[in-house]
Amino acid sequence: MLAMQYMVRLPQDFDTAQMHKHVAARSGLFDGCPGLRHKFYLYESDEHVYAPFYIWENAQFAQDFLLDKLFNGVIETFGRPRVRSWQIISFDYGPAQGKTPTFLSSSIDKVPAGRPVGELMRKEKEHHEEMLSTPGLYANMVLLDPDRWEKGLFSLWHRQQDAVPVKADCVYSYDILKSYQPLKGAA
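Analysis parameters
- Residues numbered from 1 in each chain as written.
- Predicted model: local features only at pLDDT ≥ 70, side-chain atom pairs only at ≥ 80, totals over all residues.
- Heavy atoms only, no water.
- Helix = DSSP H or I, 4+ residues; strand = E, 2+ residues; numbered from the N terminus.
- Rg over C-alpha atoms; globule rule 2.2 N^0.38 Å.
- Buried < 20%, exposed > 50% of the residue type's maximum accessible area, 1.4 Å probe, protein only.
- Contact = heavy atoms within 4.5 Å.
- Areas by Shrake-Rupley, 256 points an atom, 1.4 Å probe, with all protein chains shown as cover.
- Pairing = 2+ DSSP bridges.
- Core = buried A, V, L, I, M, F, W, Y, C linked by side-chain atoms within 4.5 Å.

Engineer: Explain the overall build of the protein chain to me, please; I cannot follow it from the model alone.
Structural biologist: Broken down by element type, the protein chain carries four helices and ten strands. Each helix and strand of the protein chain, ordered N terminal to C terminal, gives the series β-β-α-β-β-β-α-α-β-β-α-β-β-β. Taking 16 Å as the expected radius of gyration for a compact globule of 187 residues, we find that the protein chain reaches 16 Å, a close match to that expectation. Dimensions of the protein chain, computed from C-alpha atoms along their principal axes, come out at roughly 45 × 35 × 30 Å. Split into buried and exposed, the 187 residues of the protein chain put 47% on the buried side. By sequence separation, contacts in the protein chain at least 24 residues apart represent 77% of the contacts at least 6 residues apart. If you sum the accessible surface of the protein chain, you get close to 9,700 Å²; carbon and sulfur atoms cover 49% of it.

Engineer: When you look at the environment of Val166 in this model, what are you seeing that I'm missing?
Structural biologist: Tracing the chain through its elements places Val166 in the loop between strand S9 (150-157) and strand S10 (170-180). In contact with Val166, other than residues within four places in its own chain, are Ser106, Ser107 and Val171.

Engineer: I would appreciate a short explanation of the pairing of strand S5 (residues 53-56) in the present structure.
Structural biologist: Regular strands place side chains that alternate from one sheet face to the opposite one. Residue alternation in S5 divides its side chains into two sets, Phe53 and Ile55 and Tyr54 and Trp56, and both sets are buried. Two elements, strand S1 (residues 2-6) and S5, share four bridges in a ladder whose sense is antiparallel. Each bridged residue has a counterpart across the sheet, and for Ala3 the counterpart in S5 is Ile55. One ladder, built from four bridges, connects strand S3 (residues 36-44) with S5; its direction is antiparallel. Note on S5: the bridge partner recorded for Phe40 is Phe53.

Engineer: It is not clear to me how the nonpolar core should be interpreted in this structure. Could you clarify?
Structural biologist: Buried together is how nonpolar side chains tend to be arranged in soluble globular proteins. Leu10, Phe30, Tyr54, Trp56 and Phe65 are the most contacted members of the largest nonpolar core, which totals 23 residues. Elements with a minimum of two residues in this core: S1, helix H1 (16-27), S3, S5, helix H2 (59-66) and helix H3 (69-78). For this core, the element with the highest residue contribution is H3, accounting for four residues. In contact with Phe65, other than residues within four places in its own chain, are Met4, Phe30, Tyr54, Trp56, Leu70 and Phe71. Listed in part, the 21 residues of the second largest apolar core include Phe40, Leu42, Ile108 and Tyr174.

In structure tokens:
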């Protein structure tokens with residue numbers, strides 16, 4: 001599986017109401033999208049950033065999306081964003097799986113050069129397993145970017161106040177405007 005995200009700094013005149021209208025108009029276009037396991041429409045109000053997050057069955061489906069008219073619509077509306085992708089090392093649902101996720105927190109850190117990657121991923125998987133019993137957790141995942149040698153820890157929460165604080169080089173938090181989840185069960 002593959003996780004993918006891009007960020008778009010919205011024009012100042014693109015207000016929250018327009019953001020919700022954009023999400024409502026675009027979300028139906030993903031019905032039946034081949035290989036899409038999940039899509040979360042993310043928004044960060046302080047920086048006025050739109051940052052959708054996708055989980056694909058494999059890299060081929062993600063590539064097909066980037067070359068398709070759906071992604072071309074993003075380019076036409078906002079310009080061509082830089083797209084990040086990660087291999088999914090672990091993905092599981094938490095106790096709030098049956099509820100609607102409203103908040104995503106993520107952290108991205110460098111993988112230390114002198115440390116074996118397998119050892120680090122085993123440690124992150126252990127932490128991931130511990131997180132799965134946290135009240136309010138909708139889903140948790142451990143990601144690896146082998147191009148930049150960075151690890152990503154992404155957690156989806158039922159409510160922002162449920163979120164466990166994270167420490168990392170880069171920490172992001174987003175409101176989830178809407179989620180698209182065609183499949184049940186672990187991604």
